[in-house]
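Okay, here's what each chain looks like letter by letter:
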Amino acid sequence: MSRRTRKTAPADAAGTAARCTVTVCRGCCCGTAKVPGVDHAAQLAGLRASLAQVATVRPVNCLDTCEHANVIVVQPSAEGRKAGGRPVWLGLVNDPDATGDITAWIQAGGPGLADPPGILDLYTFTPSRRIRQAIDD
């Protein structure tokens, strides 16, 4: 991966900066007692609080990747996509340190604008094309 410096996101028509989108699965497995030992509500609240100024955090019902619960997808900002960033799927995000690493990366710019911490390689996976297309739509 190349090293990129953070750039200022361009403003959209409403005058607000384009932002990353963080999709947090909270369906049949993710965010439920099926993944024990995780404070799922605190994880979502922490993401929302720490990323409120730089990203849109949206919980969704199910991303159909239950074998990787808890799943978080980081979609690049418009500027990040122009710089070559693509959505990054992260699974087994069941540890507050992993959530912190994800947060720090997004605060630094996210996909296309900042390299993720190396530890996130352990969480990255590629879902099927059908599933990827569903979230991109």
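Everything numeric in this text was worked out from a predicted model, so none of it was measured. (Residues numbered from 1 in each chain as written. Predicted model: local features only at pLDDT ≥ 70, side-chain atom pairs only at ≥ 80, totals over all residues. Heavy atoms only, no water.)

### Some words on the overall build of the protein chain
Counting its secondary structure elements, the protein chain contains four helices and five strands. Listing each helix as α and each strand as β along the protein chain from the N terminus yields β-α-β-β-α-β-α-β-α. Buried positions account for 42% of the 137 residues belonging to the protein chain. Considering only intrachain contacts with a sequence separation of at least 6, the fraction spanning at least 24 residues in the protein chain is 71%. Total accessible area on the protein chain stands at roughly 7200 Å², and carbon and sulfur atoms take up 53% of it. (Helix = DSSP H or I, 4+ residues; strand = E, 2+ residues; numbered from the N terminus. Buried < 20%, exposed > 50% of the residue type's maximum accessible area, 1.4 Å probe, protein only. Contact = heavy atoms within 4.5 Å. Areas by Shrake-Rupley, 256 points an atom, 1.4 Å probe, with all protein chains shown as cover.)

### A short note on the pairing of strand E3 (residues 72-75)
With burial as the criterion, each face of E3 is covered, one bearing Ile72 and Val74 and the other bearing Val73 and Gln75. Bridge count between E3 and strand E4 (residues 88-90): three bridges; the pairing is antiparallel. Residue pairing in the sheet places Val74 in a bridge with Val88 of E4. (Pairing = 2+ DSSP bridges.)

### Notes on the confidence of the model for the protein chain
The predicted model of the protein chain has a mean per-residue pLDDT of 87, with 85% of residues at 70 or higher. Contacts from residues 1-16, a stretch scored under 50 in pLDDT, to residues over four places away or in other chains number 28 contacts. (pLDDT = per-residue confidence, 0-100.)

### Focus on the sheet that holds strand E2 (residues 55-60)
Spatially, five strands are ordered E2-E1-E3-E4-E5 in an open sheet, and the strand pairing comes out mixed. Each edge of the open sheet carries a strand with a single partner, namely E2 and strand E5 (124-125). Pairing geometry for strand E1 (residues 20-25) and E2, over six bridges, is parallel. Counted as the bridge partner of Thr21 is Thr56 from E2. Helix H1 (residues 40-51) contacts E1, E2 and E3 of the sheet and is inclined by roughly 160° relative to E2. (Axes fitted to C-alpha atoms, helices over the stretch in contact; angles between N-to-C directions.)

### Section: the environment of Arg48
Tracing the chain through its elements places Arg48 in helix H1. Placed ten residues apart in sequence, Arg48 and Arg58 show a C-alpha to C-alpha distance of 8.6 Å.

### Concerning the packing of aromatic side chains
In this structure the tally under the stated criterion is one aromatic pair. Measuring from centroid to centroid gives 6.0 Å for Trp89 and Phe125, while their planes differ by 70°, and the two rings are edge-to-face. Residue Trp89 is located in strand E4, and its partner Phe125 is located in strand E5; the two are separated by 36 residues in the primary sequence. Side by side, Trp89 and Phe125 carry an identical accessibility label, which is buried. (Phe/Tyr/Trp six-rings, centres within 6.5 Å; stacked < 30°, edge-to-face > 60°.)

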